[in-house]
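# Examining the three-dimensional arrangement
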Amino acid sequence: MSATVTSPGRVNLIGEHIDYNGGLVLPAALSVSLTATVTPRSDDRVNIVADDYAEAGSRSFADEAHGSWSDPAVGAMREAVAMGLMKAGADITITSSIPAGAGLSSSAALIVTLLKATRTLSGAQVTDTEIAIAARRVENEYIGVPCGIMDQMAVAVAKPGEAIALDTHTLDYRVVALPPSHEMVVIHSGHSRALIDGRYAALKEECDAAKAAFGTANLCQLALSDVEAATNMSDTIRRRTRHCVTENLRVHAAIEALATSNVAKMGALMSESHASMRDDFEMSIPPVDALVSDAASLGAVGARLTGGGFGGCIVAYIDREARAVWLKDLLKRHPKARFIDAVTAG
Ligand code: GLA
């Protein structure tokens, strides 16, 4: 017996690096996706064939993560055994149209997909939220990436084209409709990055330092005046905290803007979010700043870096009718950039 499951990639529309700081985030599921088939084995091997990688991976459960593309699959299988969803190893085949290293959650999609497949095989009653929590555990504890819960929740519960407002403190979420006049266009900058490279972890550590200084686990709930008035921290820690507070306020405002079809406001919030990521959180790079700035000057109502940072994709908010010409002009100015996907109202 085998089980096949598909999960979407995700783009975060707004609310960056606040999913491990108690904030509200607004990711949307893409039409690019990953499909995996899991066939149980009776020994402890995890054999993986992926269309993205020429070489097949053959690993044992006992293997620790070592920076290999197959680590998420081994981690997911170890987690499935720990959850009682599997007894031993598996043969796994993976096909994916989610580019890796682009900030579109290819790793979360793989782990969530494999856990869902083992849930199907076992017939166990495990919710999608429990699957997302388990998938985050694989990233945090097995792979060693100290990520938040946004990506796993988005790929586990959102349907392609759907945005969700996710409270990362309670894990409550609801679908948010996008106005039909505009699209969220995802463009790869051509500069890849990996969460494992240490810069994501460094930002997380700075937020942990801010939590210790303010005596709270929820940086997003702090008052801006308290952040500006605090004297027991460096300017860097203060700016990281200010990003968390202002970004969370922007997500609340963005949800309101979408509910009232206030496209101009949504665009402005996205551009403010980019400035905060660039200046206060220092998670952007110059070629991404240039792409964001040109996306706006060529006609997008707003644009921003999306995902973990230091490269990867931008998301731009653009009138549906204007998209084709705008995209052609933008890609002409940025030859390394490429179109990935667009989120359109259903
Ligand atoms: C990565 C992490 C998420 C989140 C984003 C930044 O995608 O996996 O948990 O922190 O970066 O918003």
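Above: the structure in question.
For every chain, the first residue of its written sequence is number 1, and the numbers climb from 1 along that sequence. Only residues with pLDDT of at least 70 are given local features in this predicted model, and only at 80 or more are side-chain atom pairs given and counted; all residues enter the totals for whole chains, interfaces and linings. Side-chain measures here rest on the full set of heavy atoms in the structure, leaving out hydrogens and waters.

Moving on, we get to the environment of Asp319. For Asp319, the position within the fold is in strand β11 (residues 313-319). Classification of Asp319 by relative accessible area gives partly exposed; the value is 31%. Residues Asp319 and Val263, spaced 56 residues apart in sequence, show a C-alpha to C-alpha distance of 9.3 Å. Should any heavy atoms of two residues lie within 4.5 Å, those residues are considered in contact. Aside from chain neighbours lying at most four places away, what touches Asp319 is Ser181 and His182. The secondary structure listing takes helices from DSSP runs of H or I that are at least 4 residues long and strands from runs of E that are at least 2 residues long, numbered from the N terminus. Partly exposed residues are those whose accessible area sits between 20% and 50% of the maximum for their type, while under 20% is buried and over 50% is exposed, using a 1.4 Å probe and protein chains only.

Every case where a carboxyl oxygen of Asp or Glu lies within 4 Å of a side-chain nitrogen of Lys or Arg is listed as a salt bridge. One pass over the structure, following the stated rule, counts 22 salt bridges. With a shortest N-O distance of 2.7 Å, Arg323 and Glu183 are connected by a salt bridge. Taken as a pair, Arg323 in helix α10 (residues 323-333) and Glu183 in strand β9 (residues 182-188) lie far apart in primary sequence, 140 residues in all. For Glu183, a relative accessible area of 7% translates into the label buried.

We now examine the sheet that holds β11. Pairing between sheet strands relies on hydrogen bonds along the backbone, with the strands arranged either parallel or antiparallel. Strand order in the open sheet formed by 4 strands is β10-β11-β9-β12, with antiparallel pairing between adjacent strands. Edge positions in the sheet fall to β10 (302-305) and β12 (338-344), since each has one partner strand and no second. The mean inter-strand angle of the sheet, taken between neighbouring strand axes irrespective of direction, is 20 degrees. As paired strands, β10 and β11 are joined by 4 bridges and run antiparallel to one another. Directly across from Gly302, in β11, lies its bridge partner Tyr317. Axis definition: a line fitted to C-alpha atoms, limited for helices to the stretch in contact. Angles are taken between N-to-C directions and run from 0 to 180 degrees. The strands that helix α8 (residues 263-279) touches are β9, β10 and β11; relative to β10, the one it contacts most, it runs at about 30 degrees. Strands pair, by our definition, only if DSSP identifies at least two bridges between them.

Bear in mind that shape data such as this cannot, by itself, settle questions of function.
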